[in-house]
Amino acid sequence: MTESAISRIGAATGIASVVVTFIGFGVHGALPTDTTADAVETYVKSVSASQAGIGNYLELLGYLLFLAFAAYLYAVGRAGGANSSHWLNVLGLAAAITYISVSAFAIAGQVVMVNWAKAGADPKTVLGAYMLDSAAFTLSFEIAALFLLAVGVVLWSRHVALRLIGVSGVFVGLVLFVTGLISTASIQSSSSQIGYTVFSLWTVIAGIYLVIRPAPTARAA
């Protein structure tokens, strides 16, 4: 398999990550917008335990595909980047791994919330699981922002196309950081949805461009 074909596969994982994650969202349904026991109870009654399990399993698969995309961007950054900026490349990959770990914890919280409720747990206990899930989700934005900032700075020094991906990544990272901060300060805020949507769009657009025009992933000898 040629280097360009392998590069296209890596880029495609970014597109696939968003698609699969949103399919998972669709399967388990929209989570409550209000942090009340009644809102959580209404949500739990609207889904089955297997529906929630499959949806969250697919959602986690989407996040794992994003990890593959992050590893691909690490290779792209390493292939043409200066040795002095390699620590930023490593930082970006480490941030991506941490982001996936925290997101997996949040996803587990959703499954626990539904299963506890189905087993007859106290509504306030179930609400606590949902609030933990929500907090982990918004706090993960800070980690994802670090990933975007690190990768963005590395790609900023490359040719024009990759530079645009890098500059836009830095911008999206700042948006993600701010929306995560607002949503963590006020759990009722909907700004997290804005931040996540912008992040997802950046991932898809960057992935599509890099599929069309694959970047080198092998470091020159």
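A quick note: this is a predicted structure, and the numbers were derived from the prediction, not measured.

Q: Give me the lowdown on the overall build of the protein chain, citing residues and values where you can.
A: Across its full length, the protein chain holds seven helices and zero strands. Helices and strands appear in the protein chain in the N-to-C order α-α-α-α-α-α-α. Taking 221 residues into account, the globule formula puts the C-alpha radius of gyration at 17 Å, and the protein chain, at 19 Å, falls close to it. Seen through its C-alpha atoms, the protein chain measures out along the principal axes to roughly 60 × 35 × 20 Å. When the 221 residues of the protein chain are sorted by exposure, 42% land in the buried category. Considering only intrachain contacts with a sequence separation of at least 6, the fraction spanning at least 24 residues in the protein chain is 80%.

Q: Provide a residue-level description of helix α1 (residues 3-28), including the pertinent values.
A: When the terminal C-alpha atoms of α1 are compared, their 38 Å separation across 26 residues agrees well with the 38 Å that a helix rising 1.5 Å per residue should span. Every buried residue belonging to α1 is among Ser7, Gly10, Ala11, Thr13, Gly14, Ser17, Val18, Val20, Thr21, Gly24 and His28, and all of these are buried. Elements that come into contact with the buried residues of α1 comprise α2 (37-46), α3 (49-80), α4 (86-118) and α7 (191-212).

Q: With reference to specific residues and values, describe the pattern of salt bridges.
A: Inspection of the entire model under this criterion finds one salt bridge. A salt bridge links Glu41 to Lys45; the nearest nitrogen and oxygen atoms lie 3.4 Å apart. Taken together, the residues Glu41 and Lys45, both in helix α2 and four residues apart, mark about one turn of the helix. For Glu41, a relative accessible area of 37% gives the class partly exposed.

Q: Go over the packing of aromatic side chains, please, and point to the residues and values.
A: Counted according to the given criterion, the structure contains 12 aromatic pairs. Each ring, one from Phe137 and one from Tyr196, has its centre 5.7 Å from the other, and the planes form 50°; the classification is tilted. Note that Phe137 is positioned in helix α5 (residues 123-156) and Tyr196 in helix α7, a separation of 59 residues in sequence. Among the aromatic residues, those joined into a ring-pair cluster are Tyr63, Phe66, Phe69, Tyr72, Tyr99, Phe147 and Phe199.

Q: Lay out the nonpolar core with the relevant residues and their values.
A: In terms of nonpolar packing, the biggest core is built from 31 residues, with Tyr72, Leu73, Tyr99, Phe147, Phe199, Trp202 and Leu210 touching the most fellow members. Looking at this core, the element that brings in the most residues is α5, giving eight residues. In this structure Phe147 touches Phe66, Ala70, Leu73, Gly92, Ala95 and Ala96, once residues within four positions along its chain are discounted. Formed by 11 residues, the second largest nonpolar core is a distinct cluster that contains Val40, Val47, Met113 and Val114.

Q: Give a detailed account of a nonpolar patch on the surface, specifying residues and quantitative values.
A: Together, Phe177, Val178, Leu181 and Ile182 line one region of the surface with nonpolar side chains, adding up to about 360 Å² of accessible area. Tracing the backbone shows Leu181 in helix α6 (residues 160-185).

Q: Which residues make up the packing of α3 against α5, and what values go with them?
A: As a packed pair, α3 and α5 sit with axes 10 Å apart at the nearest point and diverge in direction by 25°. Classified by the angle their axes make, α3 and α5 are roughly parallel. Our pair here, α3 against α5, has a crossing hand that is left-handed. Each of Tyr63, Phe66, Ala70, Leu73, Val76 and Gly77 in α3 lies in contact with α5, whose residues at this interface are Phe137, Phe147, Val151, Val154 and Leu155. In the contact of α3 with α5, the residues fall into 10 nonpolar, one polar and no charged.

Q: With reference to specific residues and values, describe the environment of Val112.
A: Checked against the element boundaries, Val112 lands in helix α4. Between the C-alpha atom of Val112 and that of Ala52, which follows or precedes it by 60 residues, the distance is 9.8 Å.

Cut-offs applied
- Residues numbered from 1 in each chain as written.
- Predicted model: local features only at pLDDT ≥ 70, side-chain atom pairs only at ≥ 80, totals over all residues.
- Heavy atoms only, no water.
- Helix = DSSP H or I, 4+ residues; strand = E, 2+ residues; numbered from the N terminus.
- Rg over C-alpha atoms; globule rule 2.2 N^0.38 Å.
- Buried < 20%, exposed > 50% of the residue type's maximum accessible area, 1.4 Å probe, protein only.
- Contact = heavy atoms within 4.5 Å.
- Expected span 1.5 Å × (residues − 1).
- Salt bridge = Lys/Arg side-chain N within 4 Å of Asp/Glu carboxyl O.
- Phe/Tyr/Trp six-rings, centres within 6.5 Å; stacked < 30°, edge-to-face > 60°.
- Core = buried A, V, L, I, M, F, W, Y, C linked by side-chain atoms within 4.5 Å.
- Patch = residues over 30% accessible without salt bridge, like charges linked within 9 Å, V, L, I, M, F, W, Y side chains within 5 Å.
- Areas by Shrake-Rupley, 256 points an atom, 1.4 Å probe, with all protein chains shown as cover.
- Axes fitted to C-alpha atoms, helices over the stretch in contact; angles between N-to-C directions.
- Parallel < 35°, antiparallel > 145°, perpendicular 65-115°, else oblique.
- Left-handed = near helix turned anticlockwise from the far one by under 90°.
- Nonpolar A, V, L, I, M, F, W, Y, C, P; charged D, E, K, R; others polar.

Interpretation in functional terms is not warranted from these geometric data alone.
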